[in-house]
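Breakdown of the fold
Spelled out, the chains give:
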Amino acid sequence: MEERPLWAPWRLEYVTGPKGDAGCIFCDAAADGGGEMVVHVGERTLVLMNAYPYAPGHTMVAPRRHVPSVTDLDDAESLEFMALTQRTLRAAREAFSPDGFNLGINEGKVAGAGFADHLHLHVVPRWGGDVNFMPVVAGTKVMSQALDSAREALRAAF
Ligand SMILES: [Zn+2]
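Residues numbered from 1 in each chain as written. Predicted model: local features only at pLDDT ≥ 70, side-chain atom pairs only at ≥ 80, totals over all residues. Heavy atoms only, no water.

1. Examining the nonpolar core
- Among the nonpolar cores identified, the biggest contains 21 residues, and Val 61 and Leu 154 are the most heavily contacted of them.
- Elements that contribute at least two residues to this core include exactly β2 (45-49), α3 (75-96), β5 (121-126) and α5 (140-157).
- Broken down by element, this core gets its largest block of residues, 6 residues, from α3.
- Setting aside chain neighbours within four positions, we find Leu 154 in contact with Val 39, Met 49, Thr 59, Thr 88, Ala 91, Ala 92, Ala 95 and Phe 96. (Core = buried A, V, L, I, M, F, W, Y, C linked by side-chain atoms within 4.5 Å. Buried < 20%, exposed > 50% of the residue type's maximum accessible area, 1.4 Å probe, protein only. Helix = DSSP H or I, 4+ residues; strand = E, 2+ residues; numbered from the N terminus. Contact = heavy atoms within 4.5 Å.)

Structural data, given as structure tokens:
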């Protein structure tokens with residue numbers, strides 16, 4: 001578990017933004033196949049950037065099927081889910097040279113899932129002392145540029 005809080009002011013938009021019936025970001029991304037935040041779409045699984053990242057290069061791996069739990073995945077989905085998680089880590093290592101990663105799944109709103117109805121695994125690159133530079137990257141404009149370049153670097157590494 002995370003021991004120190006990350007200061008991520010761009011998440012305010014998400015935390016205070018509209019919730020509910022706005023559709024599913026994972027299904028939308030899988031459906032159009034080339035959405036702005038999409039890094040990779042596999043046969044059963046996709047990888048996309050988190051628009052409200054905890055850290056630069058924060059991505060999510062999700063099944064293409066709209067299911068809430070790891071227990072809903074069949075064997076083929078489970079295999080591709082883990083295979084794409086491995087591929088995401090390899091690509092992120094190449095693109096961002098992090099010192100480590102946080103990998104995590106929140107199941108259910110009570111566990112912190114922002115999109116509880118569609119399973120997703122967070123891949124968050126970490127660097128030694130990264131909480132110290134986090135305030136430096138604050139700000140919507142800076143972050144959207146960081147997102148674009150992070151996505152391009154990841155796509156290239158995939
Ligand atoms: Zn969905």
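Still more to cover.
2. Comments concerning the coordination of the zinc ion
- Taken together, the protein ligands of the zinc ion are Cys 24 (SG), Cys 27 (SG), His 66 (ND1) and His 118 (ND1), with distances of 2.0 to 2.3 Å.
- Because the angles between the 4 donor atoms bound to the zinc ion fall within 101 to 116 degrees, the donor set is best described as tetrahedral.
- Mapping the donors of the zinc ion onto the primary sequence gives the spacing C-x2-C-x38-H-x51-H. (Donors = N, O, S within 2.8 Å, 3.2 Å for Na, K, Ca; no water. Tetrahedral: all angles 85-135°; square planar, octahedral: opposite > 155°, others 65-115°.)

3. Some thoughts on α3
- With 22 residues, α3 ought to run about 32 Å at 1.5 Å a step, and its terminal C-alpha atoms sit 31 Å apart, in line with that.
- Listed in full, the buried residues belonging to α3 are Glu 77, Glu 80, Phe 81, Leu 84, Thr 85, Thr 88, Leu 89, Ala 91, Ala 92 and Phe 96.
- Near the N-terminus of α3, the side chain that reaches the backbone nitrogen of Ala 76, with its oxygen 3.2 Å away, is that of Asp 74.
- Ser 97 occupies a position one or two residues after α3 and carries a positive phi of about 45 degrees. (Expected span 1.5 Å × (residues − 1). Polar contact = N/O pair within 3.5 Å; in protein donor to acceptor, adjacent residues only side chain to side chain.)

4. Some points on the pairing of β5
- Along β5, 6 of the 6 residues are buried, which leaves the element largely enclosed by surrounding structure.
- Side chains Leu 121, Val 123 and Pro 125 project from β5 onto one buried face, and the interleaved His 122, Val 124 and Arg 126 project onto a second face that is buried too.
- Sheet topology places strand β3 (residues 59-63) next to β5; 3 bridges connect them, and they run antiparallel. Bridging across to β5, Thr 59 finds its partner in Val 123.
- Summarising the sheet, strand β4 (residues 100-104) and β5 pair through 5 bridges and their orientation is antiparallel. Residue pairing for β5: Gly 100 is matched across the bridge by Arg 126. (Pairing = 2+ DSSP bridges.)

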